[in-house]
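# Residue-level structural notes
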Amino acid sequence: MNQLLNANNQGIPLSILSTDNFDSWLSQQNELVRTWLKQTQYKGCGLSLIPNHTGALTQVVFIVETPEHYFSCGELAKQLPAGQYSLKADTKHHEAIAFSWAIGCYQFDVYKTVEKPQVTLGLASQTLADKVLKQVEATVLVRDLINMPPADMMPEHLAQTMSDLAEQYDANMSQLVGDELLEHNYPTIHAVGRASCHKPRLLDLTWGDEKHPKVTLVGKGVCFDSGGLDLKPKVGMRNMKKDMGGAAHVIGLAQLIMTNNLPIRLRVLVPAVENVVSSNALRPGDVVKTRQGLTVEIDNTDAEGRLVLCDALNEAQNDDPELLIDFATLTGAMRIALGTELPGFFSTNRKIANDIIDAGEDVFDPVWQMPLYQPYKELFKSEIADMTNCPTVPQGAAICAALYLQYFVDEKTDWLHFDVMAWNNRKLSGRPLGGEAFGIRAVYTYLASRFNA
Ligand code: BES
Ligand code: ZN
Ligand code: ZN
């Protein structure tokens with residue numbers, strides 16, 4: 001990772017500028033450079049590799065419309081010959097350029113030998129390089145966890161990931177496995193996960209000074225979502241290894257918080273299960289008593305995320321966190337509402353929501369607020385239990401899923417719920433197809449400005 005960015009300014013000069021600055025940059029170039037650009041019909045947009053009179057590469061110019069965008073240079077590193085480059089750009093764009101350069105080098109290579117760009121970008125300061133590398137590492141961790149094949153990212157693997165992280169940052173990690181979940185009263189996590197030979201787990205990590213303000217993260221860790229007895233059709237099941245994406249998001253966010261030593265008391269809860277079919281699988285029509293006490297009639301075994309989350313959210317409030325945030329690949333409906341590239345979130349606190357939206361805009365990690373429209377809570381009526389796990393009408397399903405979770409969140413708790421895609425459906429600059437982190441830089445930026453005072 002460190003070879004992506006450093007503070008070496010001896011490399012080949014790499015000028016990155018916006019379209020409007022091309023003419024003034026050109027006027028400062030010598031005759032040879034100007035002739036080269038003219039001969040190669042460079043129009044002041046994109047990449048040019050500029051040689052000297054012997055043919056050796058002496059400088060590179062890359063012109064983009066928006067160098068301040070965190071993914072603008074996402075394809076740059078792959079297009080350059082191996083070597084050390086030295087960034088020449090407006091200092092206010094350095095962070096965004098460095099991020100997009102480094103994240104653009106990402107490729108999931110656990111199962112395939114791939115050629116990685118052998119290039120390094122030299123920045124003016126090592127401090128900036130380190131700051132950016134931490135953000136890149138968190139995004140890479142989220143992507144890697146999601147991209148792993150499901151057989152290699154089952155609940156026990158998520159547990160290993162979290163305990164490795166705990167060891168690295170001197171945090172505590174504990175877990176409840178299989179029937180221990182029943183003994184400690186986590187009935188919904190057990191009910192969803194009991195049909196798999198990969199036992200269901202509740203993973204619990206704590207880190208930081210107990211006197212610092214408490215922030216608790218909860219992530220949906222459904223390592224594979226077949227839908228259960230309400231089995232998904234094959235198209236819907238194909239990418240369901242990503243259903244632990246919420247867990248991946250909170251693990252990446254936790255790493256970012258710990259590596260930056262944010263003065264908070266952090267807790268991370270991950271209910272980790274596999275939602276599959278077996279003779280002991282949860283059935284439509286079954287009733288489960290939740291940790292909180294409400295009984296839930298299972299209308300659809302594919303609405304399993306909210307089930308594993310409700311017990312975890314309930315536990316999360318045990319020590320009164322100042323802020324409770326969950327990430328989950330909770331509904332297909334959020335994609336219908338906002339498309340696949342904009343994560344929706346819900347909040348019980350308008351000020352916090354606005355601050356997160358602003359933070360997201362600052363770091364090009366946009367998030368969109370959705371309403372916790374209370375009248376839809378009536379749709380959870382059950383004839384035989386306190387509520388069902390999903391309404392019988394399909395409309396507003398992302399809102400309804402959030403409302404289901406809200407039944408388990410205390411009124412006084414400031415709570416944010418992110419319904420994320422966790423996946424790039426199309427290739428974009430710096431964003432290959434596959435696992436993706438949404439919103440963690442927005443939330444981190446918010447937390448850093450709120451608690452780092
Ligand atoms: N994991 C899915 C949601 C999902 C699907 C997220 C596709 C991202 C992309 C979740 O467990 C699920 O199956 N939800 C159902 C809920 C329904 C049964 C109320 C859905 O969205 O269809
Ligand atoms: Zn499901
Ligand atoms: Zn799911």
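The model shown is predicted, which means the values in this text are computed figures rather than measured ones.

For ligand 1, the set of nearby residues contains 15 residues, the closest of which are Lys232, Asp243, Asp302, Glu304 and Gly332. Aspartate 302 is positioned such that a nitrogen or oxygen atom in its side chain is 2.8 Å from an oxygen atom of ligand 1. With the chains in place, 79% of the 520 Å² that ligand 1 exposes on its own is no longer accessible. Here ligand 1 occupies the largest pocket. A class-by-class count of the residues in the shell around ligand 1 yields three nonpolar, four polar and eight charged.

Turning our attention to the coordination of the zinc ion (ligand 2). Coordination of the zinc ion (ligand 2) by the protein is provided by Asp225 (OD), Asp302 (O), Asp302 (OD) and Glu304 (OE), with metal-donor distances spanning 2.0 to 2.2 Å. Sequence spacing of the donors to the zinc ion (ligand 2): D-x76-D-x1-E. Here the zinc ion (ligand 2) and the zinc ion (ligand 3) are spaced 3.2 Å apart, with aspartate 225 acting as a shared donor. On the criterion of sequence distance, the pair formed by aspartate 225 in strand 10 (residues 221–225) and aspartate 302 in the loop between strand 13 (295–297) and helix 10 (305–316) is long-range, its members being 77 residues apart. Residue aspartate 302 is classed as partly exposed on the basis of its relative accessible area, which comes to 22%.

Tallying each qualifying case throughout the model produces zero disulfides. Of all cysteine sulfurs, the one in cysteine 197 lies closest to cysteine 223, which takes part in no disulfide; the gap is 12 Å. On the basis of relative accessibility, which here comes to 1%, the residue cysteine 223 falls in the buried class.

Further remarks concern the sheet that holds strand 13. Read across the open sheet, the three strands follow the order 12-13-17; overall the sheet is mixed. Since the sheet does not close on itself, it has two edges, and those belong to strand 12 (287–289) and strand 17 (387–388), each with one partner. Bridging between strand 12 and strand 13 involves three bridges; their strand directions are antiparallel. Looking across to strand 13, one finds that valine 287 is bridged to glutamate 297.

What follows concerns the layout of surface pockets. Considered as a void within the structure, the largest pocket measures approximately 700 Å³ in volume. Every residue lining the largest pocket is counted, 29 residues in all, and those nearest its centre are Lys232, Leu330, Thr331, Gly332 and Ala333. At the level of elements, helix 8 (234–237), helix 10, helix 11 (333–338) and helix 13 (397–406) are the ones that each hand at least two residues to the lining of the largest pocket. The dominant element in the lining of the largest pocket, judged by the number of residues it contributes, is helix 11, at three residues. The residue inventory of the lining of the largest pocket, partitioned by class, reads 13 nonpolar, seven polar and nine charged.

So, on to the pattern of salt bridges. This structure, assessed with the given rule, holds 23 salt bridges. Between arginine 267 and aspartate 319 there is a salt bridge; the shortest N-O distance is 4.0 Å. Within this pair, whereas arginine 267 is found in strand 11 (residues 265–275), its partner aspartate 319 is found in the loop between helix 10 and strand 14 (323–328), the two being separated by 52 residues in sequence. Classification of arginine 267 by relative accessible area gives buried; the value is 9%. Judged by its relative accessible area of 27%, aspartate 319 falls in the partly exposed class. The partner of arginine 283 in a salt bridge is aspartate 286, and the shortest N-O contact between them spans 3.1 Å. When its relative accessible area of 18% is taken as the criterion, aspartate 286 is described as buried.

Inspection of every chain in the model, using the stated rule, returns two cavities of 30 Å³ or more. Taken as a whole, the largest cavity holds about 40 Å³ of empty space. Every residue along the wall of the largest cavity is listed here: Ala191, Val192, Ala195, Gly228, Leu229, Asn275, Val276, Ala281, Leu282 and Thr301. A class-by-class count of the residues in the lining of the largest cavity yields seven nonpolar, three polar and no charged.

Many analyses report the size of an interface as the accessible area lost when the parts associate. As assigned here, the protein chain comprises domain 1 (2–124) and domain 2 (137–450). Taking only C-alpha atoms into account, the centre of domain 1 sits 38 Å from that of domain 2. Taking both sides of the interface into account, the surface hidden between domain 1 and domain 2 amounts to around 1,500 Å²; carbon and sulfur atoms contribute 63%. Run the count over domain 1 and domain 2 and you get one salt bridge. Notably, a salt bridge pairs glutamate 75 with lysine 427, separated by 3.4 Å at the nearest N-O pair. Our enumeration of links across domain 1 and domain 2 arrives at seven residue pairs in polar contact (both at pLDDT 80 or more).

Despite not being glycine, glutamine 41 shows a phi value in the positive range, around 55 degrees. With respect to the helices, strands and loops of the structure, glutamine 41 is situated in the loop between helix 2 (31–39) and strand 3 (46–51). Although it is not a glycine, phenylalanine 364 adopts a positive phi angle of roughly 50 degrees. For phenylalanine 364, the position within the fold is in the loop between helix 12 (350–362) and strand 16 (368–369).

A word on the side chain of glutamine 84. Relative to the assigned elements, glutamine 84 resides in strand 5 (residues 83–88). A polar contact is formed between the side chain of glutamine 84 and the side chain of asparagine 6, at a distance of 3.0 Å. For glutamine 84, the side chain forms a polar contact with the main-chain oxygen of asparagine 8, separated by 3.5 Å. Those residues in contact with glutamine 84 that lie beyond four places of it in its chain are Asn6, Asn8, Gly11, Ile12, Thr120, Leu121 and Gly122.

What counts, and at which threshold
- Residues numbered from 1 in each chain as written.
- Chains lettered and ligands numbered in written order.
- Predicted model: local features only at pLDDT ≥ 70, side-chain atom pairs only at ≥ 80, totals over all residues.
- Heavy atoms only, no water.
- Near = heavy atom within 4 Å.
- Polar contact = N/O pair within 3.5 Å; in protein donor to acceptor, adjacent residues only side chain to side chain.
- Areas by Shrake-Rupley, 256 points an atom, 1.4 Å probe, with all protein chains shown as cover.
- 1 Å grid on protein atoms, 1.4 Å probe; cavity = no way out; pocket = protein on both sides within 12 Å on 5 of 7 lines; lining within 4 Å.
- Sits in = over half its atoms within 2 Å of the grid points.
- Nonpolar A, V, L, I, M, F, W, Y, C, P; charged D, E, K, R; others polar.
- Donors = N, O, S within 2.8 Å, 3.2 Å for Na, K, Ca; no water.
- Helix = DSSP H or I, 4+ residues; strand = E, 2+ residues; numbered from the N terminus.
- Buried < 20%, exposed > 50% of the residue type's maximum accessible area, 1.4 Å probe, protein only.
- Disulfide = S-S within 2.5 Å.
- Pairing = 2+ DSSP bridges.
- Points joined across faces, edges and corners; volume = space filled by probe spheres on them.
- Salt bridge = Lys/Arg side-chain N within 4 Å of Asp/Glu carboxyl O.
- Domains from an automatic or database assignment.
- Buried area = accessible area lost by both parts, 1.4 Å probe.
- Contact = heavy atoms within 4.5 Å.

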